[in-house]
Amino acid sequence: MAAKYTHTRAAPSPRYRRLLEQYQLMHLQGDTRQGIPPENTFPGQSLPKEAPRIKELIKQTAARTILDYGAGKGQQYWPRQVRDENEGIEYADIRSYWGVAQIRCYDPAYTPFTQLPSGTFDGVVCTDVLEHCPEEDIPWILDELFGFADKFVYANVACFPARKVLPSGGNAHCTIRPVKWWDEQLARAARAKPA
């Protein structure tokens, strides 16, 4: 049985809604405070350094479908050589490197990817996303992540302030908590997932 929370996907916190508007604006206008153009604002650059760890989970679980939850602009999946140092092989892109059949991108702030997926995926990856979400919304967001996953969830969370500043002036990382806190949140969501 899912836990009951004050906020949900259908009724997120007012802060979540305000932040979502800020991220939508940044996707359209870029980071005007730092002079970063829209095409380079939240392009998906945090995923490639996590790709080898994700590949290992894909191998261990024989995953074929992946959901990137909070994919930004999804540029991490554009054709770009990826070298597997262990295999000594160059791949044309991340999908080929991972050896999966499908990667679905979801990002509530970027118009091409705003449609919430239906169904489940073998794996869900979420890199450089959760720290951008209000703390009061983290429980339902994590439950949603685990609800989409059949085999694994891979989350990478920054526990420090961002370099980016929102148009409102706030730091882009709005939930800065220690690793232990995030471990507890993820463990709770994993336990709450129906078997």
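Okay, so let's go over this structure. (Residues numbered from 1 in each chain as written. Predicted model: local features only at pLDDT ≥ 70, side-chain atom pairs only at ≥ 80, totals over all residues. Heavy atoms only, no water.)

Observations concerning the nonpolar core
In this structure, L67, Y69, V124, L130, I141, L142 and L145 are the most contacted members of the largest nonpolar core, which totals 23 residues. Of all the secondary-structure elements, those providing two or more residues to this core are β1 (65–69), β5 (121–127), α4 (138–148) and α5 (179–192). With seven residues, α4 is the largest single contributor of residues to this core. Once residues lying within four places of it in the same chain are set aside, the contact partners of L67 are R104, Y106, P117, F121, G123, V124, V125 and F148. (Core = buried A, V, L, I, M, F, W, Y, C linked by side-chain atoms within 4.5 Å. Buried < 20%, exposed > 50% of the residue type's maximum accessible area, 1.4 Å probe, protein only. Helix = DSSP H or I, 4+ residues; strand = E, 2+ residues; numbered from the N terminus. Contact = heavy atoms within 4.5 Å.)

Structural notes on helix α1 (residues 14–29)
In this model α1 runs 23 Å from its N-terminal to its C-terminal C-alpha over 16 residues, within 8% of the 22 Å that 1.5 Å per residue would give. Within the sequence span of α1, burial applies to Y16, L19, Q22, Y23, M26 and H27. The arc that holds the buried residues of α1, viewed along the axis, is 140 degrees, so those residues lie on one side. Away from its buried face, by an angle of more than 90 degrees, α1 presents the exposed residues P14, R18, E21 and L28. On its buried face, α1 is in contact with α4. (Expected span 1.5 Å × (residues − 1). Arc of directions from axis to C-beta.)

Some points on the sheet that holds β1
Read across the open sheet, the four strands follow the order β4-β1-β5-β6; overall the sheet is parallel. A strand with exactly one partner marks an edge of an open sheet, and here the two such strands are β4 (102–106) and β6 (149–156). Averaged over all adjacent pairs, the angle separating strand axes in this sheet is 20 degrees, with direction ignored. In this structure, β5 lies alongside β6, joined through six bridges in parallel fashion. Bridged to V125 within β6 is Y154. Against the sheet, helix α2 (residues 51–61) engages β1, β5 and β6, with an angle of about 165 degrees to β6. (Pairing = 2+ DSSP bridges. Axes fitted to C-alpha atoms, helices over the stretch in contact; angles between N-to-C directions.)

Examining the environment of A109
With respect to the helices, strands and loops of the structure, A109 is situated in the loop between β4 and β5. Taking the C-alpha atoms as reference points, A109 and Y23, 86 residues apart in sequence, are found 5.7 Å from one another. Every residue in contact with A109, bar those within four places of it in the chain, is listed here: L20, Y23, Q24, H27 and T114.

Considering the packing of α4 against α5
Between α4 and α5, the shortest axis-to-axis distance is 9 Å and the interhelical angle comes to 50 degrees. As far as their axial angle goes, α5 and α4 are oblique. Crossing geometry of α4 relative to α5 is assigned as right-handed. Of α5, the residues touching α4 (which contributes I138, P139, L142, D143 and F146) are W181, W182, Q185, L186, R188, A189, A190 and A192. Residue composition of the contact of α4 with α5, by class: 10 nonpolar, one polar and two charged. (Parallel < 35°, antiparallel > 145°, perpendicular 65-115°, else oblique. Left-handed = near helix turned anticlockwise from the far one by under 90°. Nonpolar A, V, L, I, M, F, W, Y, C, P; charged D, E, K, R; others polar.)

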